[in-house]
Amino acid sequence: FDVGGGLVLAYKLSNRLAVRTGASFNQYEVGILASELASEGGGRMDSPVDGAQLISKEVPYRVNSIPLPNLNSVTGKIQTLDIPVEFRYHLSKDFYATSGVSYAVVLSQERFNHYSGYSDVPTYSSASDSDSPTNKPVNKVERTEPSAEENVHSNGFGGFVNFSIGRKTQLGKSMKISVEPFVKLPVGQFKRADMNYTNGGIKIITHF
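Only a predicted model underlies this, so the values are computations on that prediction, with no experimental measurement involved.

Caption draft 1: How the structure looks around the nonpolar core. Counting residues in each nonpolar core, the largest one holds 16 residues, and the members touching the most others are Val74, Val152, Phe160, Phe190, Met195 and Tyr197. Counting only elements with at least two residues in this core, the list comes to β2 (17-33), β3 (70-90) and β4 (95-119). Ignoring sequence-local partners within four residues, the contact set of phenylalanine 190 consists of Ile78, Thr80, Ala104, Val106, Val152, Gly158, Gly159, Phe160, Met195 and Tyr197.

Caption draft 2: Here's a closer look at a nonpolar patch on the surface. Where nonpolar side chains cluster on the molecular surface, the patch consists of Phe25, Leu81, Ile83, Val101, Tyr103, Leu107 and Phe157 and spans about 570 Å² of accessible area. Summarising the element assignment, valine 101 is placed in strand β4. For valine 101, a relative accessible area of 37% translates into the label partly exposed.

Caption draft 3: Main features of the environment of valine 141. Locating valine 141 in the fold gives a position in strand β5 (residues 139-146). In the structure, valine 141 is positioned 25 residues away from serine 116 in sequence and 5.8 Å away in space, judged by C-alpha atoms.

Conventions adopted
Residues numbered from 1 in each chain as written. Predicted model: local features only at pLDDT ≥ 70, side-chain atom pairs only at ≥ 80, totals over all residues. Heavy atoms only, no water. Core = buried A, V, L, I, M, F, W, Y, C linked by side-chain atoms within 4.5 Å. Buried < 20%, exposed > 50% of the residue type's maximum accessible area, 1.4 Å probe, protein only. Helix = DSSP H or I, 4+ residues; strand = E, 2+ residues; numbered from the N terminus. Contact = heavy atoms within 4.5 Å. Patch = residues over 30% accessible without salt bridge, like charges linked within 9 Å, V, L, I, M, F, W, Y side chains within 5 Å. Areas by Shrake-Rupley, 256 points an atom, 1.4 Å probe, with all protein chains shown as cover. Salt bridge = Lys/Arg side-chain N within 4 Å of Asp/Glu carboxyl O.

Laid out in structure tokens, this is it:
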């Protein structure tokens, strides 16, 4: 659940049509399963989890039996300054619809890899050819690590195509409030990202 806020300025082109722009701060938090990341190639790390025991050197044919941590999922958080250009059309006195595009300036972003690892990796006796481990069964552990990769590349245009329907209500002599459900479809760098930034919500707009 994310909350954003900003300022909208509208200019009337006619009694029904207006163009509006402004600026708003938004935070987008998304995630994706490792199986959906084609670039991860199976999502395995190069080494076992810290503190794991190594298999005896006297049985090198069992080296492949070491359970390595698996990449389960990736999550990302991006904070942006959105600058929209939208057209608002009044369907009636109280109801209106808007559509347009917004440019999202990336202010900051974070990305995290979520792994399933193992503690107490089983070792095997060098004096026995048995397939049974010599210690207790492994215990599964979860680990989260920051990633050096970017969620969205900041070079080039990135933003959203916006659609919404709103209802304006008079609160007083000089103030009105609008309740505006919306949906935003990613374009540019946000569309090319490996996570889906399609989002929606409800705008609460006060008019002065």
